[in-house]
Amino acid sequence: MTDAGLREREKARTRQAIADAGARLFAEHGYEQVAVSDVAREAEVSEQTVYNYFQTKEQLVTDRDQLVQDELGRRIRARAPGTTPAAAIREFVLDSVEGIRRIPAGQWRGELGFLAAISPTVHRLSLEMSDRQASALATAITETEAIAPEIAKLRGIALASVFQIIITEAGRRTREGQSQDQIADQLRPAIEAVLDDLDSWLVPATT
């Protein structure tokens, strides 16, 4: 592996370590009670290092936002002719549901879903993130289908709402005492049904 590749891997590890440290602290103390300096100490890095990876404290709870936007856009742009946007992102969405199981238990209540359920500030952040995802999806749809921008925007909102459902349900079910495995088990068929419905609706426009 090249030096550049090693540096990128090290940067990715550092970024993940900081995000994980933030999640652990948010889970233990709540979002509002944790400062960036606390996250730096937990991650054993300088406060400036935290800001090198996350420009604001808010980004610590929406740390996968850009990755998700990029992946959704890539899948929609790369989909085969006749494939709906919902079908194009289906595998990625369902893997996100399965990913609930993979989050360490000590971090789970510091993740976006539960924090959004108990913190008005984080709830606002999750809605803002959903708006950004909707815009990114609309752009990808516009680039691949001959439809009006307003229709593309509507479809982008609908697709982004699938992730908002996952976030909301994960938080609600956690508050009700469900385990991560229970949440994933019960949420998967519900999200599959949502995707099936969107698949029947979002038929690609013909040129």
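Before reading on, note that the structure itself is shown above.
Throughout what follows, the structure given in this document is the object of discussion. (Residues numbered from 1 in each chain as written. Predicted model: local features only at pLDDT ≥ 70, side-chain atom pairs only at ≥ 80, totals over all residues. Heavy atoms only, no water.)

**Some details on the nonpolar core**
Judged by nonpolar contacts, the single largest core of 32 residues is most densely connected at Val-93, Leu-159 and Ile-191. Mapped by element, the contributors of at least two residues to this core are helix H4 (65–77), helix H5 (85–102), helix H8 (120–144), helix H9 (149–175) and helix H10 (180–201). Per element, the largest residue contribution to this core is eight residues, and it comes from H9. Counting 22 residues, the second largest nonpolar core, distinct from the first, contains Tyr-31, Ala-43, Val-61 and Leu-115. (Core = buried A, V, L, I, M, F, W, Y, C linked by side-chain atoms within 4.5 Å. Buried < 20%, exposed > 50% of the residue type's maximum accessible area, 1.4 Å probe, protein only. Helix = DSSP H or I, 4+ residues; strand = E, 2+ residues; numbered from the N terminus.)

**A look at the packing of H5 against H10**
Where H5 meets H10, the axes come as close as 8 Å, and the angle between the chain directions of the two elements is 170°. The angle between the axes of H5 and H10 places the two elements in the roughly antiparallel class. Across the contact of H5 with H10, the residue classes tally to twelve nonpolar, one polar and nine charged. (Axes fitted to C-alpha atoms, helices over the stretch in contact; angles between N-to-C directions. Parallel < 35°, antiparallel > 145°, perpendicular 65-115°, else oblique. Nonpolar A, V, L, I, M, F, W, Y, C, P; charged D, E, K, R; others polar.)

**What to know about the packing of H5 against H9**
For the pair H5 and H9, interaxial distance at closest approach is 11 Å and the crossing angle is 15°. With respect to H9, the element H5 is oriented roughly parallel. In this structure, the crossing between H5 and H9 has a hand that is right-handed. Contact residues: Pro-85, Ala-86, Ile-89, Phe-92, Val-93, Ser-96 and Val-97 in H5; Leu-159, Val-162, Phe-163 and Ile-166 in H9. Taken together, the residues of the contact of H5 with H9 break down into ten nonpolar, one polar and no charged. (Left-handed = near helix turned anticlockwise from the far one by under 90°. Contact = heavy atoms within 4.5 Å.)

**Remarks on the packing of aromatic side chains**
In total, this model carries two aromatic pairs according to the counting rule given. Here the aromatic rings of Phe-26 and Tyr-31 are separated by 5.2 Å at their centres, their planes lie at 50°, and the arrangement is tilted. Each member of the pair, Phe-26 as well as Tyr-31, carries the same accessibility label: buried. A cation over an aromatic ring shows up here: Lys-57 above the ring of Tyr-31, its NZ or CZ 4.2 Å from the ring centre. Over the aromatic face of Phe-114 sits the side chain of Arg-109, whose NZ or CZ is 4.7 Å from the ring centroid. (Phe/Tyr/Trp six-rings, centres within 6.5 Å; stacked < 30°, edge-to-face > 60°. Lys NZ or Arg CZ within 6 Å of the ring centre and 35° of its normal.)

**What about the pattern of salt bridges?**
Across all of its chains, the model carries 22 salt bridges by this definition. The shortest N-O distance in the salt bridge between Glu-98 and Arg-101 comes to 2.9 Å. Linking Glu-98 with Arg-101, this pair stays in helix H5, spanning three residues, or about one helical turn. Notably, a salt bridge pairs Asp-185 with Arg-101, separated by 2.5 Å at the nearest N-O pair. (Salt bridge = Lys/Arg side-chain N within 4 Å of Asp/Glu carboxyl O.)

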